[in-house]
Amino acid sequence: MNNTRRTLLKAGTNGAVLASLFAAGILRPVRVLAADPRRAAFEATGLADALRGLSAGTPAESADLVLKAPDIAENGAVVPVEVISNIPGTTSLSILVDNNPLPLALHVEFSGGAVTETVARLKMAKTSAVRAVAQAGGKFYVARREIKVTIGGCGG
Amino acid sequence: MASPMKIRARMNGDAAQIRILAVHPMETGLRKDGAGKPIPAHYVQTLTVDVAGKRVARYEVGTSVSKNPLFGFRVRGVKAGDKVVASWVDNKGDTRTDEAVIE
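### Some remarks on the overall build of chain A
Here is step 1 of the chain: Check the secondary structure of chain A and you find 5 helices and 9 strands.
Here is step 2 of the chain: For chain A, the α and β elements follow one another from N to C terminus as α-α-α-α-α-β-β-β-β-β-β-β-β-β.
Here is step 3 of the chain: Split into buried and exposed, the 156 residues of chain A put 35% on the buried side.

### A word on the pairing of strand β6 (residues 83–90) of chain B
Residues and elements named next belong to chain B.
Here is step 1 of the chain: Alternating positions in β6 separate cleanly, Val84, Ala86, Trp88 and Asp90 being buried on one face and Lys83, Val85, Ser87 and Val89 remaining unburied on the opposite face.
Here is step 2 of the chain: Sheet topology places strand β3 (residues 44–51) next to β6; 7 bridges connect them, and they run antiparallel. Among the inter-strand pairings, Thr46 is bridged to a residue of β6, identified as Val89.
Here is step 3 of the chain: Sheet topology note: the β6/strand β7 (residues 95–101) ladder contains 7 bridges and is antiparallel.

### Description of the interface of chain B and chain A
Here is step 1 of the chain: On the side of chain A, 30 residues touch chain B, which itself brings 30 residues to the contact.
Here is step 2 of the chain: Secondary structure elements with two or more residues in the side of chain B that touches chain A: β4 (54–61) and β5 (70–76) of chain B.
Here is step 3 of the chain: A per-element tally of the side of chain B that touches chain A places β4 of chain B first, with 8 residues.
Here is step 4 of the chain: Of the residues contributing to the side of chain B that touches chain A, the split by class is 14 nonpolar, 7 polar and 9 charged.

How each quantity is defined
Residues numbered from 1 in each chain as written. Chains lettered and ligands numbered in written order. Predicted model: local features only at pLDDT ≥ 70, side-chain atom pairs only at ≥ 80, totals over all residues. Helix = DSSP H or I, 4+ residues; strand = E, 2+ residues; numbered from the N terminus. Buried ≥ 20, exposed ≤ 12 C-beta atoms within 10 Å, placed from the backbone. Pairing = 2+ DSSP bridges. Contact = placed C-beta atoms within 7 Å. Nonpolar A, V, L, I, M, F, W, Y, C, P; charged D, E, K, R; others polar.

As structure tokens, this is what we get:
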């Protein structure tokens, strides 16, 4: 018999019991995090699933979305990239590494007077395309670059 | 207790250049230690940035971001002396908030 499940069923909606289970580490707050809509995209193990998790569909290529990255990264543990969106109405940017075990690296929502650009440092397991996805006015745009990795950054 | 972030914020023309370096191991959960045991995932999941009390950026972060991650962007409509507040939360629920002033 699964005792955790029994306890949970008995507890019903008793928040205090649930809280104590969290505290005891019996229940992990994974489900709570899954409530964040993009968490699924971050946990996706393939590029197609990650893009689906972002609701990005098939984004259009745009010359106004600039992805700056080195052609060759000697150290895959730290690969500096910069994304600049000159697309009017851009609200968010995402960065994905096609061949990484979990491709979605970063998603950023801008507000206030923020300029829609970001620098970031990526981990890259091996040579891969890196893509930047911008959302503007309900549409998605993509820019893509190939980065050759000499020493992978996800090994151990 | 997590180490403080390094925040640099400086006016450059009509915009403030903001650079935030979080000190964090960013473990993916996919690596193994010397004995072949998996190292549990430990990584920053969100980083929010407010300037003068207004939210300007909300980063959501995955494991494909490097150790000690660096984030940076520019903000218009702010001025020297405005307060920058950055705050991250990781997958273990640890959190760290630091402040700087735009130079």
